[in-house]
Structures are given as C-alpha cells and as structure tokens.
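Chains, contacts and geometry: an overview
Letter by letter, the chains look like this.
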Amino acid sequence: MPAPHAAVDVRNLRKTFRVPRQHMMTLKERALHPFRRAEFDELRVLRGISFQVREGEFFGIVGRNGSGKSTLLKCLAGIYRADEGEIRIAGRLAPFIELGVGFNPDLTAHDNVVINGVMMGLSPAQARGRFDEVIAFAELEDFLDLKLKNYSSGMQVRLAFSLMVHSDAEMLLIDEVLAVGDASFQQKCLDVFYRLREEGRTIVLVTHDTGMIERFCHRVLLLEDGLVEMSGDAHEVGRRYLELNFERRAEVPGAQSEGGDAADVADVWIEDAEGKRVPAVAHGEPFSVCALLDVRERIDRPDVHFAFNTDEVLNVFGATSRAVAANDDEPFLPGERIVVRMTSENALGDGRYFVDCSLHGAERGMIAFRGRACEFVVFGGTTGSGLVSLPHTMRVEREMERVT
Ligand SMILES: Nc1ncnc2c1ncn2[C@@H]1O[C@H](COP(=O)(O)OP(=O)(O)OP(=O)(O)O)[C@@H](O)[C@H]1O
Ligand SMILES: [Mg+2]
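Residues numbered from 1 in each chain as written. Chains lettered and ligands numbered in written order. Predicted model: local features only at pLDDT ≥ 70, side-chain atom pairs only at ≥ 80, totals over all residues. Heavy atoms only, no water.

Per the counting criterion, the structure on display carries 14 aromatic pairs. Centroid distance Phe58 to Phe193: 5.8 Å. Interplanar angle 90°. Geometry classified as edge-to-face. One end of the pair, Phe58, is in strand S3 (residues 58-63); the other, Phe193, is in helix H7 (residues 183-199), with 135 residues separating them in the sequence. When the centroid spacing of 5.6 Å and the interplanar angle of 25° are considered together, the rings of Tyr353 and Phe376 count as stacked. With Tyr353 in strand S17 (residues 351-361) and Phe376 in strand S18 (residues 365-379), this residue pair connects regions lying 23 residues apart in the sequence. In this structure, Tyr353 and Phe376 share a single accessibility class: buried. An aromatic cluster is built from Phe58, Phe96, Phe137, Phe161, Phe185, Phe193, Tyr194 and Phe216, whose rings are joined through pairwise contacts. Its guanidinium or amino end placed over the ring of Trp269, Arg277 lies 4.2 Å from that ring's centre, counting from NZ or CZ. (Phe/Tyr/Trp six-rings, centres within 6.5 Å; stacked < 30°, edge-to-face > 60°. Helix = DSSP H or I, 4+ residues; strand = E, 2+ residues; numbered from the N terminus. Buried < 20%, exposed > 50% of the residue type's maximum accessible area, 1.4 Å probe, protein only. Lys NZ or Arg CZ within 6 Å of the ring centre and 35° of its normal.)

So, in structure tokens, the structure goes:
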C-alpha cells in the first residue's frame with residue numbers, strides 16, 4: 001500500500017553498473033584471442049532500496065562517498081533506468097543533479113533556460129517569460145550572449161539552480177548544490193531552502209553537511225553500501241552518519257604519549273550526556289571529555305589539563321582540574337586508577353578537534369602527557385570557527401579504592 005500523499009514511493013530499487021575490467025588486452029593478446037570478450041565487474045550500487053517521501057516534506061539523503069546517493073537521485077529523475085524495483089513519483093519534478101545535465105553547451109543561457117524549462121513542465125511562453133527572473137537570480141545579466149560552454153562551473157550551477165527554483169515543479173531533487181557556489185550564492189540557496197520549506201514544496205536533498213540536515217530536513221535517509229542503513233529523525237541519522245565516518249579511525253594519527261615512572265594517561269575519550277562513548281557531539285549539547293590515569297607514585301596537589309586543538313589552531317580551549325575540581329587537594333596515590341571528567345555544554349563550532357591530556361604535580365612539573373589522545377567532531381553549530389570559551393564543571397573520581 002502506498003502511503004497517502006506519498007510524493008515519492010520507492011520499492012526495492014536495484015541498480016548495478018557493469019564496469020569493464022581495468023586490464024587492457026595488448027595488441028598481441030588481441031591478435032591471439034580475437035574472440036575473447038572484455039570482462040566486466042558488476043558494481044551493485046543500489047541493492048534494494050525502499051523509502052517514501054511525503055508531500056511537502058524536506059527529505060535529506062546522506063551517506064559516505066560512493067554510497068549511491070547520486071545514483072539514487074538519477075534513478076528518481078529518470079536519468080538512469082533502475083534494474084529492478086518500482087519508483088512512483090506524484091507530480092512534476094525539477095532536478096538539480098550534476099553540472100550540466102540537460103544543458104547544451106553550444107547554446108546560450110536563453111535557449112538552455114527555455115529548453116530545460118519546458119522539460120520541467122513550463123510552456124515555451126512561460127519559460128521565455130521567466131527568463132529575466134532566472135537570470136537576475138543567478139546574477140548572470142552580463143553573460144547573456146555567451147555560449148554555456150564558456151561559463152565557469154560556478155556560473156552553470158547558478159543558472160541550473162535558478163532555473164530549478166523558478167520552475168513550477170512540485171518536487172525538487174537537489175544533489176550537493178552548496179558545494180560548488182561561492183559564499184554569497186550559498187547564502188542565496190539557504191534563503192531559497194527556507195522559503196521552499198515554508199511553502200511546503202517537496203524537496204529531496206543530498207548533502208554531506210549535517211548542519212544543513214538538522215536545519216532543514218524533516219526526515220533523513222542514510223545510505224551505506226547501497227542499502228538503507230537508517231532513516232528518520234534528522235538529528236539521530238546525522239549522528240549515525242558521523243559515527244560511520246569516524247568509527248573506522250579509532251587510532252588518531254599523530255598520537256604521542258609520554259608516561260613517567262609516576263603515572264600514565266591510559267585513555268582519553270568523549271562521552272555524551274548518557275555516559276556513552278561517542279565520536280561526535282552536537283553543538284549546544286552537554287558532553288564530557290574523560291581521562292583515565294594510572295598512578296604509580298604519590299602525586300601531591302595533582303593537576304590534570306585538557307587542551308582542545310584543531311589542525312590549524314593549538315589550544316582552542318584549555319581546562320585544568322586544579323581550583324576547579326571540588327576535591328582538587330587530595331593527592332593521587334600509588335595503585336589508584338583515576339577518572340577525570342570535564343563536562344560542558346558544547347559551545348564549540350563545527351569541525352574536528354583533538355584532545356591533549358597532561359598530568360602535573362606540585363614541584364614535579366609535567367608527569368605524564370598524551371598528545372592527540374582522542375579526536376571528535378562537532379556538528380550542528382552555526383559558527384564556523386572553534387575559538388570559544390566553554391563554561392564547565394569538573395570532577396575527580398576514584399574508580400578503585402586507595403591501596404594501603
Ligand atoms: N555511470 C556509472 N558507471 C559506473 N559506475 C558508476 C556510475 N555512476 C556511479 N558509479 C559508481 O557507483 C558508486 C556510487 O556512486 P554515486 O555517485 O551514486 O555515489 P555518491 O553517494 O553520490 O557519492 P559522493 O558522495 O561522492 O557524491 C560508485 O562506486 C561509483 O563509482
Ligand atoms: Mg554524489
């Protein structure tokens with residue numbers, strides 16, 4: 001049963017590409033085996049996809065590079081024919097899929113707008129009537145006489161996006177539009193997204209930007225390896241997507257560790273509000289940075305430092321347990337395993353962060369250090385920069401009782 005008012009209904013969609021094997025036959029081989037056929041690899045890109053998009057929904061599709069997102073969108077747009085399965089689409093759609101799809105490089109912007117406008121369901125008169133608007137939005141007034149092949153790729157993107165927005169299509173299919181435009185055009189696209197969402201237009205958007213997903217999408221589909229890994233709430237799917245991206249990189253490149261006789265920083269990790277280890281934290285949500293210390297000698301007035309760095313910026317933020325942790329006066333004693341946990345509302349901007357952790361003692365200086373001890377990703381924030389101050393609390397806990 002199709003859902004009521006489903007704008008898109010996809011059932012068990014499969015698409016396989018046949019790709020010729022890389023190794024080429026030499027002339028001699030070809031002469032010796034004239035009837036040997038070229039061998040093909042089968043690339044099963046979509047392996048049974050089912051989902052529905054409701055009318056008026058802003059629907060996101062995420063997934064790692066090569067997971068099949070663009071192939072899926074091209075199947076929806078009718079650019080590729082599916083091998084198996086069913087696709088039902090209610091209403092006219094306007095695709096924005098790949099640079100230049102549907103455009104003829106030897107024609108001017110005007111002719112391309114008219115031809116493509118008609119393909120998106122406008123009458124020729126309507127398409128001609130909208131030309132000025134399309135060009136004005138794309139800010140291409142000065143380039144009207146140029147053939148499209150002489151447009152820069154950014155200019156082609158502006159034209160294609162503008163045309164899509166000015167068509168009357170009930171549904172828009174958009175693949176990675178923001179990746180190509182410049183900053184002012186990106187802002188324009190965002191404004192359009194807000195407006196279209198308000199108007200209740202059905203939109204299917206492929207993006208790698210989890211911030212976009214959270215800001216706009218009612219529901220999101222996560223593709224992994226040609227299958228639906230997960231679908232539903234934007235926040236949860238965005239989180240799973242980041243986990244998939246980062247879980248295969250448990251070892252942080254460039255990690256360094258220096259332990260002394262007195263103690264080691266045995267482990268450093270990030271926890272969410274429920275105390276679960278996570279590779280990514282949403283902006284504005286509570287999280288903790290935790291360190292496990294192995295203590296072998298008495299350390300008076302111990303002090304644990306965390307430093308957050310990015311690839312570009314050292315010490316975006318630093319925290320110290322001394323004078324902050326309630327029980328900061330107690331010495332660490334031989335045999336103790338100590339967990340230090342810094343908790344904060346996440347005020348960091350989007351990006352990738354590394355944590356250094358060090359242990360210091362009175363009159364002893366630095367006792368143990370782990371550089372790049374863990375990494376994490378922040379998403380869903382609005383600031384582009386990570387230079388912030390974090391309000392925080394800190395606790396020192398004993399995991400094992402003191403050995404006497
Ligand atoms: N026309 C084609 N012929 C052969 N293989 C193709 C074709 N189009 C895509 N593929 C392959 O299908 C797989 C999925 O590609 P697709 O472009 O759908 O991925 P994607 O999820 O859009 O990735 P990205 O995030 O990089 O845009 C890739 O392995 C790609 O090489
Ligand atoms: Mg793609």
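From this point on, the discussion continues.
For Lys15, the location among the structural elements is in strand S1 (residues 6-20). In this structure the side chain of Lys15 is engaged in a polar contact, spanning 2.8 Å, whose partner is the backbone oxygen of Arg81. Setting aside chain neighbours within four positions, we find Lys15 in contact with Leu43, Arg44, Val45, Leu46, Thr71, Cys75, Tyr80, Arg81, Ala82 and Asp83. (Polar contact = N/O pair within 3.5 Å; in protein donor to acceptor, adjacent residues only side chain to side chain. Contact = heavy atoms within 4.5 Å.)

What follows deals with the sheet that holds S3. Either a parallel or an antiparallel arrangement is found when strands of a sheet pair, and the pairing is made through backbone hydrogen bonds. Strand order across the open sheet formed by 6 strands is S5-S6-S7-S3-S8-S9, with mixed pairing between neighbours. In the strand order of this sheet, the two ends are held by strand S5 (93-96) and strand S9 (227-232), each with one partner. The mean inter-strand angle of the sheet, taken between neighbouring strand axes irrespective of direction, is 15°. In terms of strand pairing, S5 meets strand S6 (residues 171-175) through 4 bridges, oriented parallel. Residue pairing in the sheet places Phe96 in a bridge with Ile174 of S6. Packing against the sheet, helix H6 (residues 153-166) makes contact with S5 and S6, and its axis sits at approximately 165° to S5. (Pairing = 2+ DSSP bridges. Axes fitted to C-alpha atoms, helices over the stretch in contact; angles between N-to-C directions.)

Let's shift gears to the pairing of strand S15 (residues 317-320). Residues Phe317 and Ala319 point to one face of S15 and are all buried, whereas Gly318 and Thr320, pointing to the other face, are not buried. Inspection of the sheet shows strand S14 (residues 303-309) paired to S15 by 4 bridges, in the antiparallel sense. Its bridge partner being in S15, Phe306 is matched across the sheet by Ala319.

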